[in-house]
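# Breakdown of the fold
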Amino acid sequence: MLEVSQLECRRGDRTLFSALDFSVAPGNLLHVRGANGSGKTTLLRSLCGLFTPDSGEIRWQGESARRLGEEYRRDLLYFGHHNGIKGDLTGVENLRIAATLDANRGDDGVIWDALARIGLAGFEDLPTRMLSQGQKKRVALARLMLSRAPLWILDEPFTALDLGAVDLLQTLIAEHVAADGLVVLTTHQEVELTAGGLASLHLGS
Ligand SMILES: Nc1ncnc2c1ncn2[C@@H]1O[C@H](COP(=O)(O)OP(=O)(O)OP(=O)(O)O)[C@@H](O)[C@H]1O
């Protein structure tokens, strides 16, 4: 269970949000909405420990996320605006690193299967700088298939994806929620689930 209480984040002299309370239980997705600049990315980065809120608390499994430190970060997968893909490495090499960082020592077969499912069969061995924007994003998204982290925090994951990839990502998210995972995401598009709970949080006025 992820619990947020009385969270406040300021940027410069602007208060983006204050007294924010919400929780996300296993098998649930929270869709964070709001206009450009309302603080969605700031909230997601706060949930990952990449931004320090001005006040409030984030708890994971009943304990302070800050106190849990690495133990909390091991349980989460963050997908931010920068997809974290290294251009000189191939898709397979990038995913090997991601799998190691996620403490997931799956064999290469799992990586090749993930790349095939995400539509990159035949592109596995090219340096990713030779791939299109959407293909690079697909390499990053393949991480979702390899990770065992229960908590997914996804910032605009659908951007730059074609319709087929959008469908696949919707499926991966729905499967994760159906398997008792937790998802917090921002997106300007509607999210559909096959099971579990879907809640919305609106930032800004
Ligand atoms: N590094 C920074 N330094 C100062 N202010 C920042 C910084 N990053 C973001 N901000 C400000 O914080 C506010 C919220 O930004 P944030 O990226 O969280 O919004 P958002 O809701 O994710 O926006 P978008 O929908 O455009 O991605 C913006 O007004 C922005 O100018």
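Residues numbered from 1 in each chain as written. Predicted model: local features only at pLDDT ≥ 70, side-chain atom pairs only at ≥ 80, totals over all residues.

An unreviewed UniProt entry annotates the chain as Heme ABC exporter ATP-binding protein CcmA of Thiocapsa imhoffii.

### Quick word on the overall build of the chain
Helix and strand counts for the chain come out as seven helices and nine strands. The C-alpha radius of gyration of the chain comes to 17 Å, within 12% of the 17 Å expected for a compact globule of 205 residues. With 205 residues in all, the chain has 32% of them scored as buried. (Helix = DSSP H or I, 4+ residues; strand = E, 2+ residues; numbered from the N terminus. Rg over C-alpha atoms; globule rule 2.2 N^0.38 Å. Buried ≥ 20, exposed ≤ 12 C-beta atoms within 10 Å, placed from the backbone.)

### Focus: the site of the ligand
Residues in contact with the ligand, as listed here, are Arg-11, Gly-12, Leu-16, Gly-34, Asn-36, Gly-37, Ser-38, Gly-39, Lys-40, Thr-41 and Thr-42. Per element, the largest residue contribution to the shell around the ligand is three residues, and it comes from helix α1 (residues 40-47). A per-class count over the shell around the ligand returns one nonpolar, eight polar and two charged. (Near = placed C-beta within 6 Å. Nonpolar A, V, L, I, M, F, W, Y, C, P; charged D, E, K, R; others polar.)

### Describing helix α4 (residues 91-101)
Listing the buried residues of α4 in full gives Gly-91, Asn-94, Leu-95, Ala-98 and Ala-99. Take α4 and look down its axis: the buried residues cluster within an arc of 135 degrees, on one side only. Residues of α4 that are buried sit in contact with α5 (108-117) and α6 (133-146). (Arc of directions from axis to C-beta. Contact = placed C-beta atoms within 7 Å.)

### Description of the confidence of the model for the chain
Confidence along the chain averages 91 in pLDDT terms, with 97% of residues attaining 70 or more. On the interface metric, ipTM, the complex scores 0.94, and its pTM is 0.91. (pLDDT = per-residue confidence, 0-100.)

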